[in-house]
Each structure stands twice: as structure tokens, then as C-alpha cells.
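# Structural features, examined
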Amino acid sequence: MTQETIKVEGMSCMHCQLRVKKAVEAVEGVQKADVNLQTKQVTIDYEEGKANTEKVKDAIREAGYEPV
Ligand SMILES: [Cu+2]
């Protein structure tokens, strides 16, 4: 399992936090996503070869937020 942290702009409340978490966890190969509203960071645990940060960033963008 690989862990990575992505910074995400545009999250302002718990609703956003949950949306991003759900969107990221829906990506195949992602086991877990922890979204920190204060630090604007999303920490993901994923299986290398199945998921990658680009796929996760795309999912975040589709949910309406901006990965940095
Ligand atoms: Cu919100």
C-alpha cells in the first residue's frame, strides 16, 4: 500500500470534506482517503498499479475541487 498526500483547494465545510472523501474512495485501487479540512490535505492509501495520484486528482476535479 502506498500513501500520498494531495493538497486540495476549495473545500470550505464538512460537506465538501465528505464529497471529496467519497469521490476519492470511489477510485479503483484507493483503500482509504482522509480529508483534513484545516490543512486542506487529502491523505490517500492506494494500491500501486491500480490507482495513481493522477486518477485521484481527476476524481477530485470531477467533484468540483482543485487539487494543487
Ligand atoms: Cu462545503
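Below: a short report on this structure.

Conventions adopted
Residues numbered from 1 in each chain as written. Predicted model: local features only at pLDDT ≥ 70, side-chain atom pairs only at ≥ 80, totals over all residues. Heavy atoms only, no water. Pairing = 2+ DSSP bridges. Helix = DSSP H or I, 4+ residues; strand = E, 2+ residues; numbered from the N terminus.

## Describing the pairing of strand β3 (residues 41-46)
- Note that strand β1 (residues 2-9) and β3 share six bridges and pair antiparallel. Counted as the bridge partner of Q3 is D45 from β3.
- Bridge analysis of strand β2 (residues 30-36) against β3 gives six bridges, and the strand direction is antiparallel. Within β3, the position partnered with K32 by the bridge is D45.
- Counted between consecutive antiparallel strands, the loop separating β2 from β3 contains four residues, among which K40 sits at a positive phi close to 60°.

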